[in-house]
Amino acid sequence: MNITSRHLIETVMLLGFGLASAALAKPPNIILILTDDQGWNNTEMPMIPSRADTRSDFYLTPNFKRLADAGMTFSQAYAPHPVCSPSRHAIQFGMTPAKLKKTSNRAVNYPEPFPAQAIPQVLKSIDPTYRAAHFGKWHMYHHPAELGYDASDGRTGNHTARQLTTDQTKHFPHDDPKRSVSLTDNAVQFIRHQAHTGAPFYLQVSHYAIHLSAEAKPATLARHKARTPGKIHTAYWYAAMIDDLDQAVGRILDVLDELQLTDNTYVFLTSDNGGTARQYPHFNKPLRAGKGSYYEGGLRVPFFAAGPGIEPGSYSSVPVVGYDLLSTFADFAGSAEKQPKRIEGGSVKPVLLNGGRGVVRRPRVGLHFYRPLDSVLIRDGHKLRRTHRTGEIELYDLAEDLSETTNLVAAKTRLAKRMQAGLEDWIKEIDATTPSPLDRRLRRNPRAGNRRQP
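Residues numbered from 1 in each chain as written. Predicted model: local features only at pLDDT ≥ 70, side-chain atom pairs only at ≥ 80, totals over all residues. Heavy atoms only, no water.

A. Representation of the overall build of the chain within the structure. Within the chain one finds 12 helices and 16 strands. Out of the 454 residues belonging to the chain, those deemed buried represent 57%. Long-range pairs, those at least 24 residues apart, make up 70% of the contacts in the chain with a sequence separation of at least 6. Roughly 19300 Å² of accessible area belongs to the chain as shown, and the carbon and sulfur atoms make up 53% of that amount. (Helix = DSSP H or I, 4+ residues; strand = E, 2+ residues; numbered from the N terminus. Buried < 20%, exposed > 50% of the residue type's maximum accessible area, 1.4 Å probe, protein only. Contact = heavy atoms within 4.5 Å. Areas by Shrake-Rupley, 256 points an atom, 1.4 Å probe, with all protein chains shown as cover.)

B. Focus on the side chain of S335. Within the fold, S335 resides in the loop between helix 9 (325-333) and helix 10 (349-352). The class for S335 is buried, based on a relative accessible area of 12%. In contact with S335, not counting residues within four places along its chain, are I126 and A330.

C. Spotlight on the pairing of strand 1 (residues 29-35). Summarising burial for strand 1: seven of the seven residues are buried, a large majority. Pairing of strand 1 with strand 9 (residues 265-271) involves seven bridges; the strand directions are parallel. Looking at the pairing, N29 lines up with T265 of strand 9. As defined by bridge partners, strand 1 adjoins strand 7 (residues 201-206) across five bridges and the pair is classed as parallel. If you follow L34 over to strand 7, its bridge partner there is S206. (Pairing = 2+ DSSP bridges.)

D. Fine view of helix 6 (residues 218-225). By the burial criterion, the buried members of helix 6 are T220, L221 and H224. Buried residues of helix 6 fall within an arc of 100 degrees about the axis and therefore sit on the same side. Tucked into the core, helix 6 has its buried residues touching strand 6 (171-173), strand 8 (214-216) and helix 7 (236-258). (Arc of directions from axis to C-beta.)

E. Focus on the sheet that holds strand 10 (residues 303-306). Taking strand neighbours across the sheet as the criterion, the eight strands line up as 5-4-7-1-9-10-2-11 in an open arrangement whose pairing is mixed. Taken across any chain shown, the strands that pair with only one partner, and hence form the sheet edges, are strand 5 (151-152) and strand 11 (314-316). Direction of pairing for strand 4 (residues 131-136) relative to strand 5: parallel, over a ladder of two bridges. For H134, the partnering residue across the bridge sits in strand 5 and is S152. Across the sheet, helix 7 touches strand 1 and strand 9, and the angle it forms with strand 1 is around 175 degrees. (Axes fitted to C-alpha atoms, helices over the stretch in contact; angles between N-to-C directions.)

F. Looking closely at the side chain of H81. In this structure, H81 sits in the loop between strand 3 (77-78) and helix 3 (84-93). Within the local environment of H81, its side chain forms a polar contact with the backbone oxygen of T103, the two atoms lying 3.1 Å apart. Setting aside residues up to four positions removed in sequence, H81 forms contacts with P86, S87, P97, T103, D272, N273, Y294, G298, L299, Y370 and R371. (Polar contact = N/O pair within 3.5 Å; in protein donor to acceptor, adjacent residues only side chain to side chain.)

G. Up close: helix 4 (residues 119-126). Within helix 4, burial applies to I119, P120, V122, L123 and I126. Buried residues of helix 4, viewed axially, fall in a sector of 160 degrees; they line one side. Contact partners of the buried residues in helix 4: strand 1, helix 3, strand 4, strand 7 and helix 9.

H. How the structure looks around the sheet that holds strand 16 (residues 393-397). Ordered by their spatial adjacency, four strands build an open sheet running 13-14-15-16, and the pairing between neighbours is antiparallel. Across the chains shown, the open sheet's two edge strands, defined by having one partner strand only, are strand 13 (367-370) and strand 16. Shown here is a sheet whose adjacent strand axes are inclined to one another by a mean of 10 degrees, direction ignored. In terms of strand pairing, strand 14 (residues 374-379) meets strand 15 (residues 382-387) through six bridges, oriented antiparallel. Each bridged residue has a counterpart across the sheet, and for V376 the counterpart in strand 15 is R385. Running over the sheet, helix 11 (residues 413-429) touches strand 13, strand 14, strand 15 and strand 16 and is turned about 65 degrees from strand 15.

Next comes the structure, spelled out in structure tokens:
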């Protein structure tokens, strides 16, 4: 055998071993940390690196920063909806709340059992060795076990977090505020168990914080009460809640480091909607309005991702939304194709592994939002909002007018018309205006909606 032939055989063998190793490579672990009512500017890192006003001037979040420093911060990330339950449904199923017929927190808006796969079911269809767990606030119609979760806290809601009062002006010290300690205990135990068994896992940690009322550890409250308030953020009790939340995030990162799982684990962190602004009108400044609103303060949220192949300390201005997560997780698990056909999100993986550059490819271009009150399309740097009752149209250039102060409809009439037509096409395509089957049933039998939502 000559040297050339020997080298050829050796090369083929090495390629074969490499392909076999790649085929046998363990699928990545995926962790989603979902916070509650956390505003876009509620961390110590600027959401836009060139703008100091896009970070908090009072809240301390060293573990959020630790995650951001290890991975990528998305400057233009959105919750699927400005209130919690619709967002949580959209994240699980990879569809807009409008397509799911779930556009409010009211139980009467829940559909009949929905024929769609949730995140754990999709991951297990790609690799049946995946194990899944959900700890913390659920706030959804189906029990987690029905959607493929092997471990969970059950059908939990705001009440589970021991919220003691509706008086938002009071604050309460606890050793386990918002259950951030106990739900993180469960999450850490799950991670340790999966590390021991060697099974890949999906873990969703859904915090009750920083939903009001105000609860924090006594020592945390005392520490922030002694600090000098900022100009935008001044509430020491709110800073304390975020501090307790940040400590819980740090515990997840610590156990990944301890068990040497970081090289095969992707960690995502985002919020279910924007920060509350009802009691504090300037709470989300420079964003307009807050939770419950389709303006940026209600929809734009923090979004961080870290893991193998993601450039540390990087930023991306590519628009992403919570209903992209299912596609993204499926893509990382090894199959961008093995996903439900009706999803509306796209995979963020190509952007994450390309230094924050590129596009997220969805069935329809742009980000779409609909509820009976109003609807929104965000596309190519512009945002169109339509108020259904009056027919009023608003158009904003988000790159130049982050605070949504200047309506450009008169100045950019053609663009406004094109975007409005695109928004209306989407509304018709998904039949957004038709009530869910349960809504129709309630008209005939009001008692049909008595099943309580958590």
